[in-house]
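# Coordinate inspection notes
The lines below spell out each chain.
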Amino acid sequence: MTNPRIAAVDVGNDALKANFGKMENELYIPNVVAQDMEDRPVIGIEELNDKEVLDNIHIRVHSPALEENNVVYRVGNLATKTTNSTELDPGSSKSEEDQTLIMLFASLALDAVESEAFKAAKNDTIDANYILGTGLPLREVKEGKDVGYRSQLLGSVHQVEFLVTPKHQGKKVNIKFDEVKVYPEGFAAYVNLIMDNELKVINKELINKQILIQDIGGLSTDIAVIRNRNVDDDKAQGFNLGVSESLEQIREEIRSKHGVELDSRRDVVDIITRKNDRHHIMVKGSRTNVHDITDHILLELAKKEYRFLRNVWSKNSQSEICYFVGGGSAVLKDYIKALNNKLDGFNIEFFEDESESIWMMRMPIIN
Ligand SMILES: Nc1ncnc2c1ncn2[C@@H]1O[C@H](COP(=O)(O)OP(=O)(O)OP(=O)(O)O)[C@@H](O)[C@H]1O
Ligand SMILES: [Mg+2]
């Protein structure tokens, strides 16, 4: 028996973010899956092993926790290339979707097949024990859905079988959880603020303050109210609005105005946030400003997000600061700051390094 390995996994609506062991391995996988056949046709099968694993996740998943057991899936980038791929809807419950479990198991299996910790296996089947920390939206925790989610994870062995995936074809990983902790998503960010990776408290001043954390994700915005070192479930609020729709709208306007087809929302994010040549695209070889398009769409979204903040702050008037986290905060930072300067002047803070604000959501394991 090998020692259990720590896994902190945030299955975001837009992307799964995970890290493993003592920060030994990190994964970022777009949250997209598509049902598939066992033998997916590959051009140049002999070159399969030269391809990127993360672009070719093709698995079968066996688990009693699933609604549909033993189904074959494409996961992440590979799934985006199909026409039958599914992304999560704003109204759905993460804790009740097979998709959430497929993403979670896929990330753990990928970690297991590549980690030294489980290399002792003599054949192609690996037994991997994990201690898992993961999050659910506040709304679902409030409804008590974390209890069932946790027990179905703990209750059985979950198997991921790699099919047409480079380097791992034919490998099977039996995932077992020794321990599962489910946090409301905003709380994980809080723990990250006050503790370092070794779980030492690094921010003593913050620990006894009442603070807000606004997490702007792809499809949702959660504002956690933290008091007495805990999420105040009654005060926290979740909203079905994220940044994905606005990114899609920008893409659409660029297409109709300039005839340029951007590949994905990620391209839009790049145009908005890159250091050089921000808000410019190439149109038929000419550098073209698209600031008019990005500006009005993002400002509109920032106003809505600012209204959420006002609303929650007015009900929690003794809050000392609000931290903005999540990918959406990186996108909207300048707009929200400008609005705040003009309007209420709340004490708010962003994370200067965009990637930090996303990794803030990694789930630390605390006892
Ligand atoms: N480094 C970055 N800079 C700017 N934007 C980013 C960055 N990384 C991701 N984004 C964008 O921010 C959006 C939200 O990403 P995030 O990972 O916070 O969502 P999520 O956690 O998956 O969604 P949810 O919180 O709704 O479950 C995505 O559209 C993503 O493209
Ligand atoms: Mg999120």
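Everything that follows concerns the structure shown earlier in this document.
Residues numbered from 1 in each chain as written. Chains lettered and ligands numbered in written order. Predicted model: local features only at pLDDT ≥ 70, side-chain atom pairs only at ≥ 80, totals over all residues.

### Concerning the packing of helix α6 (residues 244-258) against helix α8 (residues 291-315)
In plain terms, the rule: Fitting a line to C-alpha atoms yields each axis, with helices limited to the stretch in contact; the angle taken between N-to-C directions then spans 0 to 180 degrees. Helix numbering and strand numbering both begin at the N terminus, where a helix is a DSSP run of H or I of at least 4 residues and a strand a DSSP run of E of at least 2. Angle categories: roughly parallel below 35 degrees, roughly antiparallel above 145, roughly perpendicular from 65 to 115, and oblique for all the rest. Left-handed describes a crossing whose near helix is turned anticlockwise from the far helix by less than a right angle; the clockwise case is right-handed. A pair of residues counts as a contact when their C-beta atoms, built from backbone coordinates, are within 7 Å of each other. All residues other than Ala, Val, Leu, Ile, Met, Phe, Trp, Tyr, Cys, Pro, Asp, Glu, Lys and Arg, Gly among them, are scored as polar; the first ten of these are nonpolar and the last four charged.
At a minimum axis separation of 10 Å, α6 and α8 run at an interaxial angle of 155 degrees. For the element pair α6 / α8, the angle class is roughly antiparallel. Considering the relative orientation of α6 and α8, their crossing is right-handed. Facing α6, whose interface residues are S246, Q249, I250, E253, I254 and K257, α8 presents I293, T294, I297, L298 and L301. A per-class count over the contact of α6 with α8 returns six nonpolar, three polar and two charged.

### Some details on the pairing of strand β14 (residues 280-283)
The line we're drawing: A pair of strands is considered paired only if DSSP assigns at least 2 bridges between the two.
In the sheet, β14 pairs with strand β15 (residues 286-289) via four bridges, with the strands oriented antiparallel. Residue pairing for β15: I281 is matched across the bridge by T288. In sequence, β14 turns back onto β15 through a hairpin of two residues, with K284 there showing a positive phi of about 50 degrees.

### Some thoughts on the site of ligand 1
The test is simple: Only the C-beta atom matters for this test: placed from the backbone, it must lie within 6 Å of a molecule or strand for the residue to be near it. For each domain, the first and last residues come from an automatic or database assignment.
The environment of ligand 1 is formed by 24 residues, the closest being G12, N13, D14, G217 and G327. Taken together, the elements giving at least two residues each to the shell around ligand 1 come down to α6, α7 (265-273), α9 (327-342) and α10 (354-359). Grouping the constituent residues of the shell around ligand 1 by class yields eight nonpolar, 12 polar and four charged. The residues that make up the shell around ligand 1 include at least three from each of domain 1 (5-185) and domain 2 (195-367).

### Quick notes on the pairing of strand β2 (residues 15-20)
The condition is simple: For the exposure call, what matters is how many other C-beta atoms sit within 10 Å of a residue's own: 20 or more marks it buried, 12 or fewer exposed, and in between partly exposed, using C-beta atoms placed from the backbone.
The buried count for β2 comes to six of six residues, which makes it a mostly enclosed element. Along β2, one buried face is formed by A15, K17 and N19 and the opposite face, lined by L16, A18 and F20, is buried too. Alignment of strand β1 (residues 5-11) against β2, held across five bridges, turns out to be antiparallel. Bridge pairing in β2 links V9 to A18. Between β1 and β2, which pair antiparallel one after the other, the connecting turn spans three residues. Here β2 pairs with strand β3 (residues 25-30) via six bridges, running antiparallel. By the bridge assignment, L16 is partnered in β3 with I29. Hairpin geometry of β2 and β3 is characterised by an intervening segment of four residues between the two adjacent antiparallel strands and by a positive phi of about 60 degrees at G21.

Keep in mind these numbers describe shape, not what the thing actually does.
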